[in-house]
Amino acid sequence: MAASTATATATWRYRGDPEADRPAALVRFANGRLRRPDSLRFTVYRSRDTAHPRKKHRRILVSETERLCYVGQNFGSEVLKCNSLCRYFVGVLDKNSGQMEVYNAEIFNMQPLLSDNLLPGDTKDYQTKSYREKMDLCIEAFGTSKQKRALSSRRMNAVGSDIVNTAVAKAAANVIDAKGVTALMQDMAQDDVQNISAFLPPCHEDADRPEHVYKFEDILSPAEYEALRVPAAALASITAEELAKRAEERSHCSFVLEELKFLPTDERSRDHKARCLWFLDTLVKFSQLKVIKKKHPMGPECPHIISRKLMKNFSSLTYNNGSIQNLISASMRAKITAYVITLALHINNFQTDLTVLQNDLKLPESRILDIAKALRLRVTKTKGVPGLDDDQSHRLGTLSLPLPTQKAPEGQRKRKKMS
């Protein structure tokens, strides 16, 4: 590269350049404005390869202040796109003659170079650094003592974090090598069953009849059961035409729509089943909510005592954006599922189609089977109920005595407590 030097402020003309039609240079500094632009001196490097149609126009502009060196160029990845999208002109006014000469111009973006060596190749590593890395370089060069201590502390913490992550990964690998993937999966399955058990209805293992294993009073108290009389009256008196319309509109879950076809003729039994179906349908709809924003999420027709039961027993409190909210967490969905299954057992003489409930609750099959096994049900396969959308193989859950014992997965040994 050949060099020539001239003085510049914001606009600079290549003086002494053999190419008379060379464009003028407009410079701008990436890190702010200069306080004394008149004091700057610029050096321009031009390519010696004048025969090459593209390389002969390459220029590198270099300037140096008391504290920083700046470099700009009109080629490469750092070049400003505005130079190729539009043309710039500079006018030089002769005050004596009143005439102005107009020159072509191109803009150079001057970047600070934190190095003593101003060779063009040295700017590549700097340009590829992230904003944080550039700021760290500035702090190292010009930062205060406090800023340098903070930078050193942050780098030490990053090293410490990497060491901890490496140690954790190595420890996890050692555990996998020692126990094996199968044993770890069995431990996870056992933990999942234990977590589910915390949200099951009270179980009376010494009961002499299936209806006493999960008592109906533990699902609905007498006061709650009485509050269901009014909203369930519409289900108790439903006609075949109304049922067909609700099925078309999907106003209720599939389990409820199917059971409404077989309401007892006895008035007392019919009312009892209608109340149970209304509450089961409400539980299923409540499980599909995420964040509860309304005071009465199930609508004004839901009795206050039932609405309070849903909020208190089947939702979790969380603190978000300065306010307390109720949400349906994964554990609460598991609890709702357990109570839905138990209520369905009371409705269907302690045998129910788990696949229908799984589809209503929008759960994976493995999840509802885990909950059913935690409820001590015997799970078998059966053909789907005729008339439903899915008549393939279904899972049938049965509550019978004696209750099956809860055992750890086959091949799992009892885990030792860590001291």
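In what follows, the structure referred to is the one given above.
Only a predicted model underlies this, so the values are computations on that prediction, with no experimental measurement involved. (Residues numbered from 1 in each chain as written. Predicted model: local features only at pLDDT ≥ 70, side-chain atom pairs only at ≥ 80, totals over all residues. Heavy atoms only, no water.)

### Considerations on the pattern of salt bridges
- With the rule as written, the count across this model stands at ten salt bridges.
- A salt bridge links Asp136 to Arg154; its shortest N-O distance comes to 2.7 Å. One end of the pair, Asp136, is in helix H3 (residues 131-142); the other, Arg154, is in helix H4 (residues 145-179), with 18 residues separating them in the sequence.
- On the basis of relative accessibility, which here comes to 8%, the residue Asp136 falls in the buried class.
- For Arg154, a relative accessible area of 34% puts it in the partly exposed group.
- Here Arg376 makes a salt bridge to Glu205, at a shortest N to O gap of 3.1 Å. (Salt bridge = Lys/Arg side-chain N within 4 Å of Asp/Glu carboxyl O. Helix = DSSP H or I, 4+ residues; strand = E, 2+ residues; numbered from the N terminus. Buried < 20%, exposed > 50% of the residue type's maximum accessible area, 1.4 Å probe, protein only.)

### Details of the packing of helix H14 (residues 354-361) against helix H15 (residues 365-374)
- Relative orientation of the contacting elements H14 and H15 amounts to 120 degrees, with a least axis distance of 10 Å. Between H14 and H15, the angle is such that the two are oblique. Handedness of the H14/H15 crossing: right-handed. Within the contact between the two elements, H14 uses Leu354, Leu357 and Gln358 and H15 uses Glu365, Ile368, Leu369 and Ala372.
- Residues of the contact of H14 with H15, tallied by class, amount to five nonpolar, one polar and one charged. (Axes fitted to C-alpha atoms, helices over the stretch in contact; angles between N-to-C directions. Parallel < 35°, antiparallel > 145°, perpendicular 65-115°, else oblique. Left-handed = near helix turned anticlockwise from the far one by under 90°. Contact = heavy atoms within 4.5 Å. Nonpolar A, V, L, I, M, F, W, Y, C, P; charged D, E, K, R; others polar.)

### So, the packing of helix H8 (residues 229-236) against helix H11 (residues 267-287)
- Close contact between H8 and H11 brings their axes to 8 Å; oriented N to C, the two are set at 110 degrees. Considering the angle they form, H8 stands roughly perpendicular to H11. Across the interface between the two elements, Arg229, Pro231, Ala232, Leu235 and Ala236 from H8 touch Arg270, Ala274, Arg275, Leu277 and Trp278 from H11.

### Observations concerning the side chain of His252
- When you line up the elements, His252 lands in the loop between helix H9 (240-249) and helix H10 (254-259).
- The buried category is assigned to His252, whose relative accessible area is 13%.
- A polar contact of 3.1 Å, which involves the side chain of His252, links it to the side chain of Asp281.
- Ignoring sequence-local partners within four residues, the contact set of His252 consists of Leu235, Arg246, Leu257, Asp281 and Lys285. (Polar contact = N/O pair within 3.5 Å; in protein donor to acceptor, adjacent residues only side chain to side chain.)

### Some thoughts on the nonpolar core
- Counting residues in hydrophobic clusters, the biggest one holds 62 residues, and the most contacted among them are Phe255, Leu280 and Ile341.
- Every element with two or more residues in this core is listed here: helix H6 (216-219), H8, H10, H11, helix H12 (304-313), helix H13 (330-347), H14 and H15.
- Among the elements that take part in this core, H13 stands out by supplying eleven residues, more than any other.
- With residues near it in sequence (within four places) discarded, Phe255 still touches Leu277, Leu280, Ala344, Ile347, Asn348, Thr352, Val356, Leu357 and Asp360.
- Judged by nonpolar contacts, the second largest core, of eleven residues, contains Val27, Phe29, Leu61 and Phe108. (Core = buried A, V, L, I, M, F, W, Y, C linked by side-chain atoms within 4.5 Å.)

### Description of the pairing of strand S14 (residues 393-398)
- When strand S12 (residues 351-353) meets S14, the two strands line up antiparallel, connected through three bridges. The residue of S14 that forms the bridge with Gln351 is Thr398.
- Note that strand S13 (residues 378-383) and S14 share six bridges and pair antiparallel. Within S14, the residue paired with Arg378 across the bridge is Thr398. (Pairing = 2+ DSSP bridges.)

### Brief notes about the sheet that holds S14
- Here three strands make up an open sheet; going across it, the order is S12-S14-S13 and the pairing antiparallel. Of all strands in the sheet, those bounded by a partner on one side alone are S12 and S13. Taking the axes of each pair of neighbouring strands and ignoring which way they run, one obtains an average angle of 30 degrees across the sheet.

### Structural notes on the pairing of strand S7 (residues 88-93)
- Bridging between S7 and strand S8 (residues 100-113) involves six bridges; their strand directions are antiparallel. Its bridge partner being in S8, Gly91 is matched across the sheet by Val102.
- Between the end of S7 and the start of S8, which pair antiparallel, lie six residues, with Gly98 showing a positive phi angle near 75 degrees.

These results come straight from atomic positions and should not be treated as a statement about function.
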